[in-house]
Amino acid sequence: MAVAFSGGRDSTALLHCVARQAQVLNRTLEAPVQVLALHVHHGLSSQADAWVQHGQTLCREWAAQGLPVEFRHQRLAGEPAAGQSIEAWAREGRYAALAEMAIEAGATLILMAHHRRDQAETLLLQALRGGGVAGLAGMPRLQQRGGNADLVWARPWLQQGRETIEAYVESQGLSFVEDESNSDPRYSRNRLRMQVWPALAEAFPAAERSLALGAQWAQQALALQREMAEQDLPGLLSPQGLHLPGLRALSPARASNALRAWLLQQTGQVASARRVTELLAREDVESTLSWPCGPGVLHLYREHLSWQPALQAGAPIGEAKLLDLSRPGVYPQPDWSGAWEVVAASDGGVLAESMAQVCMRARQGGEQFQRQPRAVARSLKKAYQSAALPAWHREGPLLLKADTQQVLFAPGLGLDARSWAPPGVPQLQLRWLRLGESEPAPDA
Ligand SMILES: Nc1ncnc2c1ncn2[C@@H]1O[C@H](COP(=O)(O)OP(=O)(O)OP(=O)(O)O)[C@@H](O)[C@H]1O
């Protein structure tokens, strides 16, 4: 068993409490329980090394006093992706690191020290962001994450008042660290804690308890929503996708619920309220339409919605790869869910020898592209902007000359004019085909 141990007051109390119970249990158990204290160093605070040190020392002292506790830690590598908040990056990295440490040590249960005040704050913050039932449900007591069925995450103190934990820490004389970022007003939770909570608790003394109860009701409502979607979706799904008129035949609330559940299953992301409302209100269900949606593209075709993951420019899809495309044929590229089609032509193409050694890779930024022979090469980004190509028409890898890394072919734009062969001489035309497409992609 493991405790996610930040070194802060609450997880110090939880770790101590669990270790004491394990100590008592171990007197009667044949195979003694060892409590792992798992700490994540986010690499964000100048204090973080000292927190690791503190955790290590504390656990050693407790072990010396007979508590069955062992400290482990992991430092996060990398940094937030473009557009990702530091908080989200740290949270994701923390959960991944905790899971990795637990699995490595053979633990199947990780306890976290969130308590009733944390739950009340979560509900309030979600409400203030306009969150739906899933947000208002706050944090679950038990959960599995990332499809890993071997690991259970538990919050045993979710019904525990903050004061009780404070009293425990004091009575046991526990030392803990204070994270200076907990008073940084740039974080909404801190603003809520510092500016709103004191006034709220004074005006409504039962606020913490009542809000935590509200989260419990929302958890029930969330379970009902999920059950409803499980009942409604199978009848609406076929190999063509989700039948939009069938969906709209349901009551508005059920239709919206089923659509949101399906979009979440497909994209792994919560759909925006605007997207859901707009899809359900569409009259032109016979039209062929596509929208960027989460990490992919949502298509409407013959009354059915389907979703395809996009291979985004710059995404880490495989390594750069050297190819010989100097002969006509189809060259599947499973990493990219597509294939190169090379056909013999007498104009609009590139000389076969230029295709004997080409480099295929994702966009990295900084590439140049020339659209016309008498134009100048300019940034690929600008070329895309002026071509006003929707993102999903830019799918597929770049092809570059292997020696100079000059772009030969860009998805959606086609061949770079610097490589065009003179008309009339034998040459090759190139197309990027997406898997499952009978028609060529509009690059050609
Ligand atoms: N760096 C970390 N390493 C391990 N677990 C962590 C870390 N940060 C947070 N946790 C876990 O997530 C819970 C909630 O996180 P939160 O950021 O509210 O904690 P905190 O204020 O840093 O510390 P505490 O909850 O211990 O007072 C913690 O109680 C702990 O179980």
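Residues numbered from 1 in each chain as written. Predicted model: local features only at pLDDT ≥ 70, side-chain atom pairs only at ≥ 80, totals over all residues. Heavy atoms only, no water.

1. Comments concerning the site of the ligand
Consideration 1: Of all residues adjacent to the ligand, which total 17 residues, the nearest are Ala4, Ser6, Asp10, Ser11 and Val40.
Consideration 2: In the environment of the ligand, an oxygen atom lies 2.8 Å from a nitrogen or oxygen atom belonging to the side chain of serine 6.
Consideration 3: Protein coverage of the free-state accessible area of the ligand, which is 570 Å², stands at 84%.
Consideration 4: Those elements that provide at least two residues to the shell around the ligand are helix H1 (9-26), strand E2 (35-41) and helix H3 (86-105).
Consideration 5: Across the shell around the ligand, the residue classes tally to seven nonpolar, seven polar and three charged. (Near = heavy atom within 4 Å. Polar contact = N/O pair within 3.5 Å; in protein donor to acceptor, adjacent residues only side chain to side chain. Areas by Shrake-Rupley, 256 points an atom, 1.4 Å probe, with all protein chains shown as cover. Helix = DSSP H or I, 4+ residues; strand = E, 2+ residues; numbered from the N terminus. Nonpolar A, V, L, I, M, F, W, Y, C, P; charged D, E, K, R; others polar.)

2. Details of the packing of aromatic side chains
Consideration 1: Summed over the entire model, instances satisfying the criterion amount to four aromatic pairs.
Consideration 2: For the pair tryptophan 340 and phenylalanine 409, a centre-to-centre distance of 5.2 Å together with 90 degrees between the ring planes defines the contact as edge-to-face. On the criterion of sequence distance, the pair formed by tryptophan 340 in strand E14 (residues 338-345) and phenylalanine 409 in strand E19 (residues 407-410) is long-range, its members being 69 residues apart. Comparing tryptophan 340 with phenylalanine 409, the two get one shared label, buried.
Consideration 3: Consider the rings of tryptophan 340 and tryptophan 432, whose centres lie 4.8 Å apart with planes at 65 degrees: the pair is edge-to-face. Note that tryptophan 340 is positioned in strand E14 and tryptophan 432 in strand E21 (residues 427-434), a separation of 92 residues in sequence.
Consideration 4: Looking at tryptophan 340, the relative accessible area reads 0%, which means it is buried.
Consideration 5: Using a relative accessible area of 2% as the deciding quantity, one classes tryptophan 432 as buried.
Consideration 6: Within the aromatic cluster, the residues linked to one another by ring pairs are Trp340, Phe409 and Trp432.
Consideration 7: We note arginine 145 situated over the ring of tyrosine 95; from NZ or CZ to the ring centre the distance is 3.6 Å. (Phe/Tyr/Trp six-rings, centres within 6.5 Å; stacked < 30°, edge-to-face > 60°. Buried < 20%, exposed > 50% of the residue type's maximum accessible area, 1.4 Å probe, protein only. Lys NZ or Arg CZ within 6 Å of the ring centre and 35° of its normal.)

3. What about the nonpolar core?
Consideration 1: Within the largest apolar cluster, 26 residues are counted, with the highest numbers of intra-cluster contacts made by Leu15 and Val69.
Consideration 2: Elements that contribute at least two residues to this core include exactly H1, E2, helix H2 (48-64), strand E3 (69-75) and helix H6 (162-172).
Consideration 3: Per-element accounting of this core gives the leading share, seven residues, to H1.
Consideration 4: Setting aside residues no more than four positions away along its own chain, valine 69 makes contact with Leu15, Ala19, Gln34, Val35, Ala37, Cys59, Trp62 and Ala63.
Consideration 5: Residues Leu247, Leu259, Leu298 and Trp307 belong to the second largest nonpolar core, which totals 21 residues. (Core = buried A, V, L, I, M, F, W, Y, C linked by side-chain atoms within 4.5 Å. Contact = heavy atoms within 4.5 Å.)

4. Notes on the sheet that holds strand E11 (residues 304-309)
Consideration 1: Read across the sheet, five strands follow the order E7-E8-E11-E10-E9 without closing on themselves; strand pairing throughout is antiparallel. Each having just a single partner strand, strand E7 (237-238) and strand E9 (289-293) make up the two edges of the open sheet.
Consideration 2: In the sheet, E7 pairs with strand E8 (residues 241-243) via two bridges, with the strands oriented antiparallel. Considered in E8, the bridge of leucine 237 is made with leucine 242.
Consideration 3: Contacts from helix H10 (residues 252-267) reach E7, E8, E9, strand E10 (296-301) and E11, with the element oriented near 25 degrees to E11.
Consideration 4: The sheet contacts of helix H11 (residues 273-281) involve E9, E10 and E11, and relative to E9 the element is tilted by about 165 degrees. (Pairing = 2+ DSSP bridges. Axes fitted to C-alpha atoms, helices over the stretch in contact; angles between N-to-C directions.)

5. Brief notes about the domain arrangement of the chain
Consideration 1: Taken domain by domain, the chain consists of domain 1 (2-208), domain 2 (233-309) and domain 3 (321-434).
Consideration 2: On a C-alpha basis, the centroid separation for the pair domain 2 and domain 3 is 34 Å. (Domains from an automatic or database assignment.)

6. Re the sheet that holds strand E5 (residues 142-143)
Consideration 1: Read across the open sheet, the six strands follow the order E3-E2-E1-E4-E6-E5; overall the sheet is mixed. The open sheet terminates on both sides in strands that have one partner only, identified here as E3 and E5.
Consideration 2: One ladder, built from three bridges, connects strand E1 (residues 2-4) with E2; its direction is parallel. Counterpart to alanine 2 in the pairing with E2 is leucine 36.
Consideration 3: Packing against the sheet, H2 makes contact with E2 and E3, and its axis sits at approximately 165 degrees to E3.
Consideration 4: Along the sheet, H3 contacts E1, E2, E3, strand E4 (109-111) and strand E6 (152-154); its crossing angle with E2, the most-contacted strand, is approximately 145 degrees.

7. Considerations on the pattern of salt bridges
Consideration 1: Per the stated rule, a full pass over the model turns up 17 salt bridges.
Consideration 2: The salt bridge involving arginine 193 is made with aspartate 118; its shortest N-O contact spans 3.4 Å. With arginine 193 in helix H7 (residues 188-203) and aspartate 118 in helix H4 (residues 116-128), this residue pair connects regions lying 75 residues apart in the sequence.
Consideration 3: A salt bridge links arginine 282 to aspartate 284; its shortest N-O distance comes to 2.8 Å. (Salt bridge = Lys/Arg side-chain N within 4 Å of Asp/Glu carboxyl O.)

8. Remarks on H6
Consideration 1: Along H6, the positions that sit buried rather than exposed are Ile165, Tyr168 and Val169. Axial view of H6: buried residues confined to an arc of 95 degrees, hence all on one face. Looking at H6, the residues exposed on the side facing more than 90 degrees away from the buried face are Glu170 and Ser171.
Consideration 2: Each element contacted by the buried residues of H6 is listed here: H1.
Consideration 3: Positioned one or two residues after H6, glycine 173 has a phi angle of 65 degrees, which is positive. (Arc of directions from axis to C-beta.)

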